[in-house]
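Chain by chain, the residues run as shown.
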Amino acid sequence: MARRFGWLWAALILLTGVGYQWLLHSAIAGGQIESIRIALAFLPLLALACWVAIRARDKRLWSFILVAAGLAIYALEQHAGWGLAAAYGSPHAVIYLSLLWLFGRTLWYGNEPLVTRLARRVHGTLPPKLAAYTRRVTIAWCVFFTAQMAVSALLFTLAPLEIWSLFINVLNVPLLVLMFSGEYGYRLIRHRDFPQASFFDGIQAFSNDAARSASAKAH
């Protein structure tokens, strides 16, 4: 029974997320009334405000940033209809740029590639061919993050706004899932003799690694 309710909750969360992304895409494409557009534009700021209230150390600075961002989004929405694009396009770029930095800096000389480090946390010692493979996977993720930002910039510059919105809002998660599943499928074929970690094992290892890094910086 508990497992059944767990699947129901997962399905509900998935459907809610998909519905929200379609609503957002519809609003950016001009298919929603102004009040809905403004409400959607300020939702990311509301989420960030909750983080500031709970976790931020310099609350005064972050409050100033939030107010400035809110005013900028409102002005863009009123004068050019780009408030929603700014509210969701900026986080998309910042997230992928941050991930590119997180993965890419571990490829510098003398560092252990991030995916290699995560694989060691799950499996322990890695054979040389697996260590080389995980390095290539780290590079592949860097290419993916760069492609996301490049395609977003090109579509925003050259294509209608609704096409750009379709890419960053509707196709974003499916492309991530495709990247994960493609790498996992290739790994099953290429390294079938090595014990395979699940998607959730990888997420857990990444979360633990991030927590260790944050704890080390705090001390």
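The notes below deal with the structure included here. None of the values given here were measured: they were computed from a predicted structure.

### Concerning the nonpolar core
Now for step 1: Among the nonpolar cores identified, the biggest contains 16 residues, and Phe 103, Val 115, Val 137, Trp 141, Phe 144 and Phe 145 are the most heavily contacted of them.
Now for step 2: Listing elements by their share of this core, those giving two or more residues are helix H4 (83-104), helix H5 (114-123) and helix H6 (128-158).
Now for step 3: In terms of residue count, H6 provides more of this core than any other element does, seven residues in total.
Now for step 4: Contact partners of Phe 144, with chain neighbours within four places excluded, come to Tyr 96, Leu 175, Leu 176 and Met 179.
Now for step 5: In terms of nonpolar packing, the next biggest core, distinct from the first, is built from 13 residues, Val 52, Ala 56, Ile 73 and Ala 87 among them.

### Quick notes on H4
Now for step 1: Compared with an ideal rise of 1.5 Å per residue, which puts 22 residues at 32 Å, H4 spans 31 Å between its outermost C-alpha atoms and is within 8% of the ideal.
Now for step 2: Within H4, the full set of buried residues consists of Gly 83, Leu 84, Ala 85, Ala 87, Tyr 88, Gly 89, His 92, Tyr 96, Phe 103 and Gly 104.

### Section: the packing of aromatic side chains
Now for step 1: Within the structure shown, the criterion is met by 11 aromatic pairs.
Now for step 2: Ring plane angle 45 degrees and centroid distance 6.0 Å describe the contact between Tyr 96 and Phe 145, whose orientation is recorded as tilted. Placement of Tyr 96 in helix H4 and of Phe 145 in helix H6 is noted, with a sequence separation of 49 residues between them. Side by side, Tyr 96 and Phe 145 carry an identical accessibility label, which is buried.
Now for step 3: Members of the aromatic cluster, connected to one another through ring pairs, are Tyr 96, Phe 103, Trp 141, Phe 144, Phe 145 and Phe 180.

### Section: a nonpolar patch on the surface
Now for step 1: Residues Leu 14, Val 18 and Trp 22 make up a contiguous nonpolar surface patch of roughly 320 Å² in combined accessible area.
Now for step 2: Its place among the elements puts Leu 14 in helix H1 (residues 2-28).
Now for step 3: The exposure class of Leu 14 is exposed, given its relative accessible area of 58%.

### Some words on the pattern of salt bridges
Now for step 1: Taken as a whole, this structure holds two salt bridges when the rule is applied.
Now for step 2: With its nearest N and O atoms 2.4 Å apart, the salt bridge here joins Glu 112 to Arg 120.
Now for step 3: Among the residues examined, Glu 112 registers a relative accessible area of 29% and is labelled partly exposed.
Now for step 4: Residues Arg 187 and Glu 183 are paired through a salt bridge, measuring 2.9 Å at the closest nitrogen-oxygen approach. Linking Arg 187 with Glu 183, this pair stays in helix H8 (residues 172-190), spanning four residues, or about one helical turn. Across the pair, exposure class does not vary: Arg 187 and Glu 183 are buried alike.

Rules used throughout
- Residues numbered from 1 in each chain as written.
- Predicted model: local features only at pLDDT ≥ 70, side-chain atom pairs only at ≥ 80, totals over all residues.
- Heavy atoms only, no water.
- Core = buried A, V, L, I, M, F, W, Y, C linked by side-chain atoms within 4.5 Å.
- Buried < 20%, exposed > 50% of the residue type's maximum accessible area, 1.4 Å probe, protein only.
- Helix = DSSP H or I, 4+ residues; strand = E, 2+ residues; numbered from the N terminus.
- Contact = heavy atoms within 4.5 Å.
- Expected span 1.5 Å × (residues − 1).
- Phe/Tyr/Trp six-rings, centres within 6.5 Å; stacked < 30°, edge-to-face > 60°.
- Patch = residues over 30% accessible without salt bridge, like charges linked within 9 Å, V, L, I, M, F, W, Y side chains within 5 Å.
- Areas by Shrake-Rupley, 256 points an atom, 1.4 Å probe, with all protein chains shown as cover.
- Salt bridge = Lys/Arg side-chain N within 4 Å of Asp/Glu carboxyl O.

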